[in-house]
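Architecture at a glance
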Amino acid sequence: MDSGGGIQIPSRLPLLLTHEGVLLPGSTVRFSVDSPRNMHLVSQRLLKGTSLKSTIIGVIPNTRDPEHDTDDLPTLHKIGTAGIAVQVVGSNWPKPHYTLLITGLCRFSVSGLLKERPFVLAEVQQLDKLEQYTTPATEGVPAEEGELGELSHNFYQAAVQLLGMLDMSVPVVAKFRRLLDSLPREALPDVLASMIRTSNKEKLQVLDAVTLEERFKKALPMLTRQIEGLKLIKKTRKIGPDNEKRVLSVRKGGVFPGRQFNLDEDDEDEDGDDTAALERKVHGAKMSEAALRVCLKELKRLKKMPQSMPEYALTRNYLDLMVELPWSKSTKDCLDIRAARTLLDNDHYAMDKLKRRVLEYLAVRQLKTSLKGPILCFVGPPGVGKTSVGRSIARTLGREFHRIALGGVCDQSDIRGHRRTYVGSMPGRIINGLKTVAVNNPVFLLDEVDKLGKSLQGDPAAALLEVLDPEQNHSFTDHYLNVAFDLSQVLFIATANTTATIPPALLDRMEVLQVPGYTQEEKVEIAHRHLIPNQLEQHGLTPQQLHIPQDTTQHIISSYTREAGVRSLERKFGAICRAVAVKVAEGHRVTKTEASSPEDPTQQEDKAVPPELPIVIDHVALKDILGPPLFEMEVSERLTLPGVAVGLAWTPLGGEILFVEASRMEGEGQLTLTGQLGDVMKESAHLAISWLRANAKTYQLTNMVGGPDPLEATDIHLHFPAGAVTKDGPSAGVTIVTCLASLFSGRLVRSDVAMTGEITLRGLVLPVGGIKDKVLAAHRAGVKRVILPKRNEKDLEELPANVRADLDFVTAANLDQVLNAAFNGGFPGTASTHTHPQLSSKL
Ligand code: ADP
């Protein structure tokens, strides 16, 4: 073997085991590697080394099944090619792997293995001479004698012949030509075998041919095969253009004129067929008798009508819809309560009460197949999973699911369709939905029934009532259809944010199931069980690529969202996934550059990073992706002056904390209220002032100059921040009193307390609604003590145990108890008869 002379490769080489391609000397091949040994070779050798020598590796074809090369080292092919890794790119996409660009140098044989882990290192023997080919081919060819000379000559001729048959404008062909001119002939078999179309097996044969003669002999047939193949293609092409011409002429002469001549007759014919087909469809649609009668009548009219009449299209559309409707097509219910329970549990965390009720509902339906039950209406803030429970119900029943958004619908024809006399008339959303799902027993989710509007075009709620009423809906008549359609098989579910704005008649038909907001802990669970896995999947990421620790989730919940549900939390995860997807697609480069020193010599442009580690989202990464926190725990900061108190409010979007601010200035005893308050709230403010004035002496409240009437020569301004949001309701009463008591006494309200409750003129505290949502909001905002009306004590039982444990509840029957609980050390007044008046219960 002729390793004498020329350049020597190192005698110990790390080996890359490949199964997807064969590298031959003189060619450059791209390899994608992902097996542990190969990955280690790249990260520990190629990316670490600094010298040119360290980029030389041995590439050994591994013909064994790639699945098995992880544990035991497979028997290696005896010959490989040493090559220089000219480019290394790492990526996590779609799984961690590297792509290497390797240029083959020369053959070697393995004489012994030095180690197998973490990558294979072998003692090798160089088999080919390795020279820098500087000499032009013609001069470089030694006039070889005998067989080798002849082989080499024939091979060269064949290559020239092949070149002659190729299109020189193609870049790879131009390269072929350059190589042919510049390479010495002994390099040609290797180079050409990898350029022309050959199988891996054939390349392997060339690789195994250690002597030149053998190599020429192996490669020549491949070359001639290519030439023959090309000849054949050329031959068929010659016939090609003629054929094409004939095809073209046929098309031009035959079809177009004919079409012009026969246009009318043709269409007439087609039309006849068409209506016949329609008629067949009408009969096949299994519609109700009444509908069939109408259809046949319309069909008769259609046949008589000239096509150009506008009414033709109208009638045609109508009939098309009629035959498309699922008159008697339905899916078969497959309800298994146990399976339903598992499915509901798997899809949704928490919401136990709701899930229980849904299962009961389904069980009853299973026992009693007639469907005249109440309609379930899920009421709760956005993003608490109402729609998604609806979807699960459809899945458990094996039914189609369709969502009908009712928000802003204020025209009854949206529900019931337009009469066909209108131009552009169409059926309503119910019929349209049925057409979409193509079965007559889907689950329809009537979304946002609380946002139905009203207008001159009639009340959509009345139309909806007809749809939902089991006594009427078996003959629901859409204005467009003008015949009854049986809706009794449809399962309706409604959703709303609040029951307050659902029209009473509609509400009466429904069974309301409250879906309250989630606690911080529940949200963390939901995030890690459902939201994050879902988002990862939607963005094509895996947990190996992106990891969001619980701690980060908590931070997102408290600092980037303020909601009862989890919708914007889900969006935040979406944003994180998008940002990470970009990094993964870029081969993870950024994190590495951030992590390692810029002077690191291995940190070259082309050399990307080992992609084994997932991207972990910590607080720093979070700030990079989502920006600075949107919400601060602001409660304590804002209570640093007298005249501020924190109340709890209920909104259709869940509970919220509500600040009340008061200030006073010289004046004539006027009260100014700002912050878009409703009448009830304004009255609460007046009540509060009156009660405080009446009790000023007891509590030693004073005006600005210390006089006994807080309002004397003083103007009061009460403001409710978030000034653009309209607020109303009586439940801010206790907060206003506390706020003013703080202002008049100059004392600070405890910074960790929030309260709710209606007041009376005599200082009693009356119960209010929405306790659970309010308490959850207080908990979200980091409040420690919550003051509630005494008569709301029973509502506390609905709260999750951990929230109850975290908070200190004070239930108050009168304002004296409220004030005592709201100020540090109580609020001394001569009225207090007891030293520790607050009923502090740590539930
Ligand atoms: P709604 O209809 O109440 O406004 P959605 O049903 O659209 O809310 O829910 C918003 C997202 O939050 C959905 O992706 C849903 O799967 C998810 N989600 C809400 N609650 C839960 C829960 N308890 N468990 C799992 N995922 C939930």
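Relevant structure appears above.
None of these values were measured; they are calculated from a predicted model.

**Here we look at the overall build of the protein chain**
When you go through the protein chain residue by residue, the secondary structure sums to 28 helices and 25 strands. When each of the 843 residues of the protein chain is scored for burial, the buried share is 47%. Partitioning the contacts of the protein chain with sequence separation of at least 6, the portion at a separation of at least 24 is 74%. Of the accessible surface of the protein chain, which amounts to about 41700 Å², a share of 53% is contributed by carbon and sulfur atoms.

**What about the packing of helix 19 (residues 567-585) against helix 21 (residues 619-626)?**
A packed helix pair is summarised by two numbers, namely the angle formed by the two axes and the spacing between the axes. One can describe the packing of helix 19 onto helix 21 by two numbers: an axis separation of 10 Å at closest approach and a directional angle of 95 degrees. Classified by the angle their axes make, helix 19 and helix 21 are roughly perpendicular. From helix 19, K572, A575, I576 and A579 reach across to helix 21, where they touch L622, I625 and L626. Here the contact of helix 19 with helix 21 is composed, by residue class, of six nonpolar, no polar and one charged.

**A word on the environment of S425**
Structurally, S425 is set in the loop between helix 13 (412-416) and helix 14 (429-437). Discounting residues that sit within four places of it in the chain, S425 has contacts with H418, R419, R420 and Y480. Polar side-chain contacts of S425 include one of 3.4 Å to the backbone oxygen of R419.

**Focus on the site of the ligand**
Taken together, 18 residues lie around the ligand, and Y349, G383, K386, T387 and R567 are the ones closest in. In this structure, T387 approaches the ligand through a side-chain N or O atom, which is 2.4 Å from an oxygen atom. Take R567: an N or O atom from its side chain is 2.3 Å from an oxygen atom of the ligand. Protein contacts shield 88% of the accessible area of the ligand, which totals 560 Å² for the unbound molecule. Of the residues assigned to the shell around the ligand, the class counts are eight nonpolar, six polar and four charged.

**Observations concerning the sheet that holds strand 13 (residues 510-514)**
Backbone-to-backbone hydrogen bonds join strands into a sheet, with any given pair of strands oriented parallel or antiparallel. On the basis of which strands lie adjacent, the open sheet formed by five strands has the order 8-9-12-7-13 and parallel pairing. Of all strands in the sheet, those with a lone pairing partner are strand 8 (401-405) and strand 13, marking the two edges. For this sheet, the mean inter-axis angle between neighbouring strands, taken without regard to orientation, is 25 degrees. By the bridge criterion, five bridges tie strand 8 to strand 9 (residues 443-447) in an arrangement that is parallel.

**As for the side chain of H479**
For H479, the position within the fold is in the loop between strand 10 (476-477) and strand 11 (484-485). Among the polar contacts listed, one links the side chain of H479 to the backbone oxygen of G417, at a separation of 3.4 Å.

**Here's the deal with unusual backbone geometry**
Cis geometry is found at the peptide bond from R117 to P118, where omega equals -5 degrees. Inspection of the secondary structure puts P118 in the loop between strand 5 (97-115) and strand 6 (120-126). Backbone geometry places M351, a non-glycine residue, at a positive phi of 40 degrees. As for its placement among the helices and strands, M351 is situated in the loop between helix 10 (337-347) and helix 11 (352-367).

**Re the environment of L47**
Mapped onto the elements, L47 comes out in the loop between helix 1 (36-46) and strand 3 (56-61). Looking at L47, the relative accessible area reads 9%, which means it is buried. In the structure, L47 is positioned 41 residues away from V88 in sequence and 8.1 Å away in space, judged by C-alpha atoms.

What counts and how
Residues numbered from 1 in each chain as written. Predicted model: local features only at pLDDT ≥ 70, side-chain atom pairs only at ≥ 80, totals over all residues. Heavy atoms only, no water. Helix = DSSP H or I, 4+ residues; strand = E, 2+ residues; numbered from the N terminus. Buried < 20%, exposed > 50% of the residue type's maximum accessible area, 1.4 Å probe, protein only. Contact = heavy atoms within 4.5 Å. Areas by Shrake-Rupley, 256 points an atom, 1.4 Å probe, with all protein chains shown as cover. Axes fitted to C-alpha atoms, helices over the stretch in contact; angles between N-to-C directions. Parallel < 35°, antiparallel > 145°, perpendicular 65-115°, else oblique. Nonpolar A, V, L, I, M, F, W, Y, C, P; charged D, E, K, R; others polar. Polar contact = N/O pair within 3.5 Å; in protein donor to acceptor, adjacent residues only side chain to side chain. Near = heavy atom within 4 Å. Pairing = 2+ DSSP bridges.

Note that all results are geometric; they support no functional claim without further evidence.
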